[in-house]
Amino acid sequence: MNRFFVDLFGLQQAPFNIASIIGMGWVEGLGLSSIAFIMVVATYRTMDPSLEEAARVHGLGIFRTLRYVTLPLTFPGVIAASIYVFTIALSAFEVPAIIGMSNKIFTFATFIFYKIQPLEELPSYGVAGAVSTVLILLALLLSWSYFGVLRFSHRYAVCHRQGLSAALDRAGAA
Amino acid sequence: MKGRWLVVGISAAALVRSLRSCCSFCGWAFGKTGQAEPIVYTLNHYRKIFTDPFTYKTFLNTVGFAGTAMLVSLLFAVPTAWLVERTDLPGKNFILMLVTLGALLPTFFTAMGWVFSVASAHRY
């Protein structure tokens, strides 16, 4: 892909570099987007669509309805999905190991692995254990905030009629 | 009733497994032992990691990596979820199937795919 763009535009340097924190995050984020999607889609499914319909009836366009009605109502679901994805990414190993380690970019997961199975020196289980406990503490903090978001999600609850069925917007109408 | 006990049993097994791992890590973190020596409890490992600038660099790398992953996943997940749930987009079932398949695909394959398709800036 890099060679294609370099040849096409005559660039001096390759445009994409996944051997960086942003590049690794991009690859991990694409992998985790399916989990985030499943969580967010459940939020949309349980949300009362009549509020969006009311906004549309009162003259708001798609984007203003999204800004003032849809996004605020899905806020707890999106925040919960963000915290969940962040926690999983914090302990992710495959992407940092495959892309990062060969370029000497370490995250906590690969750092622990490197301390247990170093290439040159003796294994340092103590340091690996200490870093692991820091990671566990971070995960506990994030889990606590995740459940905190879920606990306060009732503030965004809406009393609605039985049986939700949204009037669908025409895709591409905006 | 049986179902409830099954859930409790599975949860308890998962909890025991997690606690066992946590205890092992704490043992490594606080214990210091040599060959044929009794275990001595120490905070030296923490002193070592908190005085090493590499730890802070690794921490920043981890937070940056996780933050980017979170933003990228939301960038794709939120608009796609809205399109699937709130519009008459054709092929919704196909999108749902693709997303489910994406969740089943091991990250290892995705990472290898990206390594082969977009090699690093110095090796294009």
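Worth saying up front: this structure is predicted, and the values here are computed from it rather than measured. (Residues numbered from 1 in each chain as written. Chains lettered and ligands numbered in written order. Predicted model: local features only at pLDDT ≥ 70, side-chain atom pairs only at ≥ 80, totals over all residues. Heavy atoms only, no water.)

Colleague: Looking at this structure, I do not really get the overall build of chain A. What am I missing?
Modeller: Per the secondary structure count, chain A includes seven helices and zero strands. Ordering the α and β elements of chain A from the N terminus gives α-α-α-α-α-α-α. The proportion of buried residues among the 174 residues of chain A is 44%. In chain A, of all internal contacts separated by at least 6 residues, the share reaching a separation of at least 24 is 60%. For chain A, the computed accessible surface area is about 9600 Å², with 64% contributed by carbon and sulfur atoms. (Helix = DSSP H or I, 4+ residues; strand = E, 2+ residues; numbered from the N terminus. Buried < 20%, exposed > 50% of the residue type's maximum accessible area, 1.4 Å probe, protein only. Contact = heavy atoms within 4.5 Å. Areas by Shrake-Rupley, 256 points an atom, 1.4 Å probe, with all protein chains shown as cover.)

Colleague: Would you explain a nonpolar patch on the surface in this entry?
Modeller: A cluster of nonpolar residues, B:Phe94, B:Met97, B:Leu98, B:Leu101 and B:Leu104, forms a patch on the protein surface that exposes about 530 Å² of accessible area. In this fold, B:Phe94 is placed in helix α4 (residues 92-104). (Patch = residues over 30% accessible without salt bridge, like charges linked within 9 Å, V, L, I, M, F, W, Y side chains within 5 Å. Salt bridge = Lys/Arg side-chain N within 4 Å of Asp/Glu carboxyl O.)

Colleague: How should the nonpolar core be read in this particular structure?
Modeller: Grouped burial of nonpolar side chains is what soluble globular proteins tend to show. The biggest cluster of nonpolar side chains holds 41 residues, and the ones touching the most others in it are A:Phe37, A:Val40, A:Val131 and B:Ile49. Contributing elements (two or more residues each) for this core: α2 (21-46), α4 (62-90), α6 (108-116) and α7 (125-151) of chain A together with α2 (44-50) and α3 (53-86) of chain B. A total of ten residues in this core trace back to one element, the largest contributor, which is α4(A). Counting residues in each nonpolar core, the second largest holds 14 residues, with A:Ile21, B:Phe65, B:Ala111 and B:Val118 among its members. (Core = buried A, V, L, I, M, F, W, Y, C linked by side-chain atoms within 4.5 Å.)

Colleague: What should I look at first to understand the side chain of A:Ser34 in this one?
Modeller: Looking at the element boundaries, A:Ser34 is found in helix α2. Polar side-chain contacts of A:Ser34 include one of 3.4 Å to the backbone nitrogen of B:Ala103. Setting aside residues no more than four positions away along its own chain, A:Ser34 makes contact with B:Val99, B:Gly102 and B:Ala103. (Polar contact = N/O pair within 3.5 Å; in protein donor to acceptor, adjacent residues only side chain to side chain.)

Colleague: What am I meant to see in the interface of chain A and chain B here?
Modeller: For an interface, size is often stated in terms of accessible area lost upon the parts coming together. Taken together, the contacts link 71 residues of chain A with 57 residues of chain B. For the chain A and chain B pair, buried surface summed over both sides reaches about 5900 Å², with 78% attributable to carbon and sulfur atoms. Ranking the residues of chain A by area buried against chain B places A:Phe37, A:Tyr44 and A:Ile98 at the top, with a combined share of 11%. Among the ionic pairs, A:Glu52 bridges to B:Arg86, the shortest N-O distance being 2.8 Å. Joining chain A to chain B, the criterion identifies eight residue pairs in polar contact (both at pLDDT 80 or more). Among the secondary structure elements, those contributing two or more residues to the side of chain A that touches chain B are α1 (2-9), α2, α4, α5 (94-100), α6 and α7 of chain A. (Buried area = accessible area lost by both parts, 1.4 Å probe.)

Colleague: Please clarify how α6(A) should be interpreted in this entry.
Modeller: Since the α-helix turns once every 3.6 residues, residues separated by three or four places project in the same direction. What α6(A) keeps buried is the set A:Phe108, A:Ala109, A:Thr110, A:Phe111, A:Ile112 and A:Lys115. The secondary structure elements touched by the buried residues of α6(A) are α5 and α7 of chain A together with α3 of chain B.

Colleague: How should the side chain of B:Asn61 be read in this particular structure?
Modeller: Structurally, B:Asn61 can be placed in helix α3. For B:Asn61, the contacting residues outside a window of four places in its chain are A:Ile21, A:Ile105, A:Phe106 and A:Thr107.

Colleague: What exactly am I supposed to notice about the state of the cysteines here?
Modeller: Among covalent bonds in proteins, the disulfide is the one between the sulfur atoms of two cysteines. What the rule picks out here adds up to zero disulfides over all chains. Cysteine B:Cys23 is unpaired, with the sulfur of B:Cys26 as its nearest cysteine sulfur at 6.4 Å. (Disulfide = S-S within 2.5 Å.)

Colleague: Would you explain the packing of helix α3 (residues 50-57) of chain A against α4(A) in this entry?
Modeller: Packed helix pairs are characterised by how far apart their axes lie and by the angle those axes make with each other. All names here are of chain A. In the contact formed by α3 and α4, the axes pass within 10 Å of each other and the chain directions differ by 150°. Classified by the interaxial angle, the pair formed by α3 and α4 is roughly antiparallel. Our pair here, α3 against α4, has a crossing hand that is right-handed. The residues of α4 that touch α3, namely those facing Leu51, Glu52, Ala55 and Arg56, are Ile62, Thr65, Val69, Thr70 and Leu73. (Axes fitted to C-alpha atoms, helices over the stretch in contact; angles between N-to-C directions. Parallel < 35°, antiparallel > 145°, perpendicular 65-115°, else oblique. Left-handed = near helix turned anticlockwise from the far one by under 90°.)

Colleague: Before we go on, may I ask you to explain the confidence of the model for chain B in this structure?
Modeller: Detail in the predicted coordinates should be disregarded across regions flagged by low pLDDT. Residue and element names in this part refer to chain B. In the predicted model, chain B carries a mean pLDDT of 84, and 90% of its residues have values of at least 70. At the level of individual helices and strands, chain B shows its lowest average pLDDT in strand β1 (residues 31-32), which scores 76, and its highest in α3, which scores 92. ipTM for the predicted complex: 0.82, alongside a pTM of 0.81. (pLDDT = per-residue confidence, 0-100.)

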